[in-house]
Each structure stands twice: as C-alpha cells, then as structure tokens.
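Structure assessment
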Amino acid sequence: MTVTMFAQPDVAHQYVMGVDTAEGLAHGDYSVIQVLDVTTGEQAAIYHAHIAPDLLAEEVFMLGLYY
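My aim in this report is to walk through the structure given alongside it, one point at a time. (Residues numbered from 1 in each chain as written. Predicted model: local features only at pLDDT ≥ 70, side-chain atom pairs only at ≥ 80, totals over all residues. Heavy atoms only, no water.)

We now examine the sheet that holds strand β1 (residues 2–5). Across the sheet, which stays open at both edges, the 4 strands sit in the order β1-β4-β3-β2 with antiparallel pairing between neighbours. The sheet is open, and its two edges are formed by β1 and β2 (15–20), each paired on a single side. Taking each pair of neighbouring strands and ignoring which way they run, the sheet shows an average axis angle of 10°. Pairing of strand β3 (residues 31–37) with strand β4 (residues 43–49), which is carried by 6 bridges, proceeds in the antiparallel orientation. Looking at the pairing, Val32 lines up with His48 of β4. (Pairing = 2+ DSSP bridges. Helix = DSSP H or I, 4+ residues; strand = E, 2+ residues; numbered from the N terminus. Axes fitted to C-alpha atoms, helices over the stretch in contact; angles between N-to-C directions.)

With that out of the way, let us pick up the environment of His13. Checked against the element boundaries, His13 lands in the loop between β1 and β2. The exposure class assigned to His13 is partly exposed, which follows from its relative accessible area of 22%. Considered as a pair, His13 and Tyr67 are 54 residues apart in the sequence and their alpha carbons are 9.3 Å apart. Discounting chain neighbours no more than four positions away, the residues touching His13 are Asp37, Thr39 and Thr40. Of the polar contacts made by the side chain of His13, one reaches the side chain of Asp37; its length is 2.6 Å. (Buried < 20%, exposed > 50% of the residue type's maximum accessible area, 1.4 Å probe, protein only. Contact = heavy atoms within 4.5 Å. Polar contact = N/O pair within 3.5 Å; in protein donor to acceptor, adjacent residues only side chain to side chain.)

Within the element layout of this structure, Ser31 appears in strand β3. By relative accessible area, Ser31 is classed as buried at 0%. Of note is the side chain of Ser31, whose polar atom sits 2.9 Å from the backbone nitrogen of Ala22. Setting aside anything within four residues of it in sequence, one finds Ser31 in contact with Asp20, Thr21, Ala22, Tyr47, His48, Ala49, Ile51 and Leu56.

Its 14 residues give helix α1 (residues 53–66) an end-to-end C-alpha distance of 20 Å, which sits within 8% of 20 Å, the value for a rise of 1.5 Å per residue. Those residues of α1 that fall on the buried side of the exposure criterion are Leu56, Val60 and Leu63. Along the axis of α1, the buried residues cluster in a sector spanning 75°; they form a single face. Counted as exposed and oriented over 90 degrees from the buried face of α1: Asp54, Glu58, Phe61 and Leu65. Tucked into the core, α1 has its buried residues touching β1, β2, β3 and β4. (Expected span 1.5 Å × (residues − 1). Arc of directions from axis to C-beta.)

Below, the structure written as structure tokens:
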C-alpha cells in the first residue's frame, strides 16, 4: 500500500475522490484512489495497493474522512 499526499486538507476547500478497483491479486492490477481538490483543480493525494475490493472500501471511507 502506498499513500502519497501532495497537500494537507484545507477546510475552505472541497474535495472529490475517484476510485478504480481491481481484484486484489498480488500480481494483478493496482486499486487506486485519487483525491482532487475541487477548489484548485490540483491532485491532493493518491493511494494504490493490491487490496481486495471490500477492504478498499474501508480505505476509501477513511481517506474521505481525512479530506
């Protein structure tokens, strides 16, 4: 699992997330979460991992709470 944060959350900004799920296989595609700052149009964070879809949902929830 890798999370790269380019910007800390700003309460004056709005954020949106895009999620691309994969099967979670060790040698398969990565699942990805991208966080975009709607106010500036910049990428705020990205997450990628080989993770099962049901566990990815928990990561989406937690990252959403953070931003």
